[in-house]
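These are the residues of each chain, in order.
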Amino acid sequence: MIAILDYGAGNLRSVVNALAALGIRHEVVRDAAGLDRASKIILPGVGHFGQMMRELDRIRVREVLVKRIHAGVPFLGICLGLQALFERSQEAPQAAGLGLLSGEVQRFPPDVRVPHMGWNKLEVGPAEPRLLRNIGPAPWVYFAHSYYVPVVAGAAAQCSYGVPFTAVLEHENIMGVQFHPEKSSQTGLRIVQNFAELQ
């Protein structure tokens, strides 16, 4: 069962709709017990980094979420859900991220308009990422964000908006996308399906 973590904000309904359209079994969970039942976990997210981390602490799921990911449960973070994997963000310097990956989420430079909103093309590396299987070398996907993850070792695909940034991350069982697959038409649905089909 895929657990979609509901922390009281984010693009929860559109993610649920995408899974339902694909006929993928899922459950919206709001507590540690729900995460413990999950065979895979999706953390959707829009909004403010600090608010997300406070809510994860308020509903007491931070510790079990980290524990389950460390145990090898496949995880997909969407937009802010990707950014939460890191240690900190310039959006909320006082808020600790999940710390599963090292580094800081950064704000786009002042010479570009924020948020980065709309369709943009992915630059996929030479090895086809698991999330992008059967999609093609340069898919277009939908973004909506003002902060970004720099290009890190686990970056499986990049995008450019003033600066290059990590658009798809794959590190063992930890995965994330900066864009919104649930708003990215058939390409996005294929990405969700690829995650669901991971063994």
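The structure we're discussing is the one just above.
Bear in mind the structure is a predicted one, so any value in this text is a computation, not a measurement.

About the thresholds
Residues numbered from 1 in each chain as written. Predicted model: local features only at pLDDT ≥ 70, side-chain atom pairs only at ≥ 80, totals over all residues. Heavy atoms only, no water. Helix = DSSP H or I, 4+ residues; strand = E, 2+ residues; numbered from the N terminus. Buried < 20%, exposed > 50% of the residue type's maximum accessible area, 1.4 Å probe, protein only. Contact = heavy atoms within 4.5 Å. Areas by Shrake-Rupley, 256 points an atom, 1.4 Å probe, with all protein chains shown as cover. Lys, Arg positive; Asp, Glu negative; His and termini not counted. Charge placed at Lys NZ, Arg CZ, Asp CG, Glu CD. Expected span 1.5 Å × (residues − 1). Pairing = 2+ DSSP bridges. Arc of directions from axis to C-beta. Salt bridge = Lys/Arg side-chain N within 4 Å of Asp/Glu carboxyl O.

What about the overall build of the chain?
- The number of helices and strands found in the chain is six helices and 13 strands.
- Summarising its shape, the C-alpha atoms of the chain cover approximately 45 × 40 × 30 Å along the three principal directions.
- Residues classed as buried in the chain amount to 52% of the 199 residues present.
- Counted over contacts in the chain with a minimum sequence separation of 6, partners at least 24 positions apart contribute 68%.
- For the chain, the exposed area adds up to about 8,800 Å²; of that, 49% sits on carbon and sulfur atoms.
- Side chains of the chain carry 19 positive and 17 negative charges; the gap between the two charge centres is 4 Å.

Quick notes on helix 6 (residues 185-196)
- When the terminal C-alpha atoms of helix 6 are compared, their 17 Å separation across twelve residues agrees well with the 16 Å that a helix rising 1.5 Å per residue should span.
- Among the residues of helix 6, Gly-188, Leu-189, Ile-191, Val-192, Asn-194, Phe-195 and Ala-196 are the ones counted as buried.
- Where helix 6 is buried, its residues meet strand 1 (2-5), helix 1 (12-21), strand 3 (40-43), strand 4 (75-78) and strand 13 (174-177).

Overview of the pairing of strand 12 (residues 163-171)
- In the sheet, strand 11 (residues 155-161) pairs with strand 12 via six bridges, with the strands oriented antiparallel. Each bridged residue has a counterpart across the sheet, and for Cys-159 the counterpart in strand 12 is Phe-165.
- Turn length for the strand 11-strand 12 hairpin, with the two strands adjacent in sequence and antiparallel, is one residue, and the turn residue Gly-162 shows positive phi of about 80°.
- Sheet topology note: the strand 12/strand 13 ladder contains four bridges and is antiparallel. Bridging across to strand 13, Val-168 finds its partner in Val-177.

Points about helix 1
- Residues of helix 1 that are buried: Leu-12, Val-15, Val-16, Ala-18 and Leu-19. End-on view of helix 1: buried residues confined to an arc of 160°, all on one side of the axis. Set apart from the buried face of helix 1 by more than 90 degrees, the exposed residues are Arg-13 and Ala-21.
- Buried residues along helix 1 sit in contact with strand 1, strand 2 (26-29), strand 3, strand 4 and helix 6.
- After helix 1 finishes, the residue Gly-23 shows a positive phi value of roughly 70°.

Here we look at the sheet that holds strand 3
- Judged by pairing direction, the sheet is mixed, and its eight strands sit side by side in the order 2-1-3-4-13-12-11-8 without closing on themselves. Strands at the two margins of the open sheet, each flanked by one partner only, are strand 2 and strand 8 (123-124).
- Across four bridges, the pairing between strand 4 and strand 13 is parallel. Within strand 13, the residue paired with Gly-77 across the bridge is Gly-176.

Digging into the pattern of salt bridges
- What the rule picks out here adds up to ten salt bridges.
- Where Glu-55 meets Arg-58, a salt bridge forms, and the shortest distance between an N and an O atom there is 2.9 Å. Residue Glu-55 and its partner Arg-58 are located together in helix 3 (residues 49-58), separated by three residues, close to a single helical turn.
- Salt bridges sharing common partners tie together Glu-87, Arg-88 and Glu-104.

Here's the deal with the sheet that holds strand 6 (residues 104-107)
- Here three strands make up an open sheet; going across it, the order is 5-6-10 and the pairing mixed. Only two strands of the sheet have a single partner each, and these edge strands are strand 5 (88-89) and strand 10 (147-148).
- As paired strands, strand 6 and strand 10 are joined by two bridges and run antiparallel to one another. Among the inter-strand pairings, Gln-106 is bridged to a residue of strand 10, identified as Tyr-148.

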